[in-house]
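An overview of the molecular structure
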Amino acid sequence: MAPQDKNTPPPLPEPLRVAVADSHTHLDMQDTTVEEALAKAASVGVTTLVQVGCDLAGSRWAADTAAAHEAVHATVALHPNEAPRIVLGDPDGWSRQGAREAGGDAALDAALAGIDELAGLPQVRGVGETGLDYFRTGPEGMAAQERSFRAHIEIAKRHGKALVIHDREAHDDVLRILREEGAPERTVFHCYSGDAAMAEVCAAAGYFMSFAGNVTFKNAQPLRDALAVAPPELVLVETDAPFLTPAPYRGRANAPYLIPVTLRAMAEVKGMTEDALATAIAANTARAFGY
């Protein structure tokens with residue numbers, strides 16, 4: 001791929017005939033206005049977006065954006081990698097948010113109180129993305145991540161909101177903590193990354209599994225195997241834009257308008273027609289997020 005292609009947005013896909021939702025996107029990290037992103041997505045049948053918060057400022061932005069746009073719903077949370085940064089600090093600024101001072105448990109409690117307040121707003125439909133990430137955070141950050149995750153589960157249950165989970169290389173601990181705390185009525189595994197055996201565990205628990213563009217990657221057969229066994233009534237689709245752009249556009253910036261590319265690949269894996277899968281996903285996303 002020529003270098004300039006990296007900066008060229010992928011073309012608009014053929015529109016879906018049945019409108020669906022992007023269950024997980026980060027409009028604040030995309031090189032576009034909200035209005036442009038919504039218009040482009042709607043032009044291909046992606047008529048609803050769930051804007052996901054990763055820190056206190058981003059969660060406020062999500063809530064404000066959802067209040068201003070009927071097609072946008074918000075979720076609010078401290079990302080699993082944000083919790084250790086709040087507690088332990090980030091002296092070298094690896095998080096791309098600049099150097100940060102260690103605030104200890106008191107700072108985490110204050111941030112969680114801010115999330116709790118936002119979670120009560122009507123346009124906020126979920127608490128997330130929260131969970132565990134053992135890929136980015138070393139052993140020293142695990143206690144802060146776990147404390148934050150347990151607190152988010154409690155917030156979601158108290159407000160009757162969906163729980164949106166980020167699970168990276170932490171499957172067993174995420175499932176264990178959900179069992180220990182008691183999962184909220186509606187729990188979504190964002191960018192599902194487990195195998196088929198875990199998909200059966202999630203299905204038995206009634207957890208939604210949201211699949212992203214990485215389901216199209218050549219090396220993602222375990223993900224396709226998981227999608228194959230996931231019940232159609234528990235499957236969602238997402239971009240996680242600007243990340244995880246589906247093939248053949250991997251390496252370029254992702255955006256909600258590329259949902260049809262991923263959905264068509266998913267329909268093939270599930271042996272369903274595009275329309276049947278889109279119909280299921282549209283209903284599932286509305287049920288998961290209570291809109």
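As a reminder, the structure under discussion sits directly above these lines.
Residue numbering note: each chain is counted from 1, following its sequence as written. Per-residue local features of the predicted model are confined to residues with pLDDT of at least 70, and side-chain atom pairs are confined, for both listing and counting, to 80 or more; whole-chain, interface and lining totals are unaffected and use all residues. As a rule here, side-chain values cover all heavy atoms of the structure and leave hydrogens and water aside.

**With respect to the side chain of Ser 23**
Keep this limit in mind: Put simply, DSSP marks the helices as runs of H or I at least four residues long and the strands as runs of E at least two long, and each gets a number from the N terminus on. In the analysis that follows, any N or O atom pair within 3.5 Å is treated as a polar contact, provided that within protein one partner can donate a hydrogen and the other can accept it, and provided that, for residues neighboring in sequence, both atoms belong to side chains.
Take Ser 23: it is sitting in strand E1 (residues 20-25). For Ser 23, the side chain forms a polar contact with the side chain of Ser 210, separated by 2.8 Å.

**A few points about helix H9 (residues 259-270)**
To keep things clear, this is the line we draw: In this analysis, the expected span of each helix is defined as 1.5 Å times one less than the number of residues it contains. Only protein chains enter the area calculation, which uses a 1.4 Å probe; residues under 20% of their type maximum are buried, those over 50% are exposed, and those in between are partly exposed. Residue contacts follow a heavy-atom distance rule, with two residues in contact if any of their heavy atoms lie within 4.5 Å.
Here H9 spans 16 Å end to end across 12 residues, near enough to the 16 Å set by a 1.5 Å rise per residue. Here H9 has its buried residues at Ile 259, Pro 260, Val 261, Thr 262, Leu 263, Met 266, Ala 267 and Lys 270. The inward-facing, buried residues of H9 abut E1, strand E2 (46-52), strand E7 (208-211), helix H8 (221-229), strand E8 (235-237) and helix H10 (274-289). Gly 271, located one to two residues past H9, shows a positive phi value of around 65°.

**A few points about the nonpolar core**
Soluble globular proteins tend to bury their nonpolar side chains together. The test is simple: Nine residue types can take part in a nonpolar core, namely buried Ala, Val, Leu, Ile, Met, Phe, Trp, Tyr and Cys, and a core is a set of them joined through side-chain atoms within 4.5 Å.
Counting 70 residues, the largest nonpolar core has Phe 149, Leu 178, Phe 189, Tyr 192, Phe 211 and Met 266 as its most contacted members. Sorting elements by how many residues they give to this core places helix H4 (residues 104-119) first, with 6 residues. Apart from the residues within four sequence positions on either side, Phe 189 is in contact with Ile 165, Asp 167, Val 174, Leu 175, Leu 178, Met 198, Cys 202, Tyr 207, Phe 208, Met 209 and Ser 210. If you look at the next biggest cluster of nonpolar residues, it comprises 10 residues, including Val 52, Val 188, Phe 208 and Leu 236.

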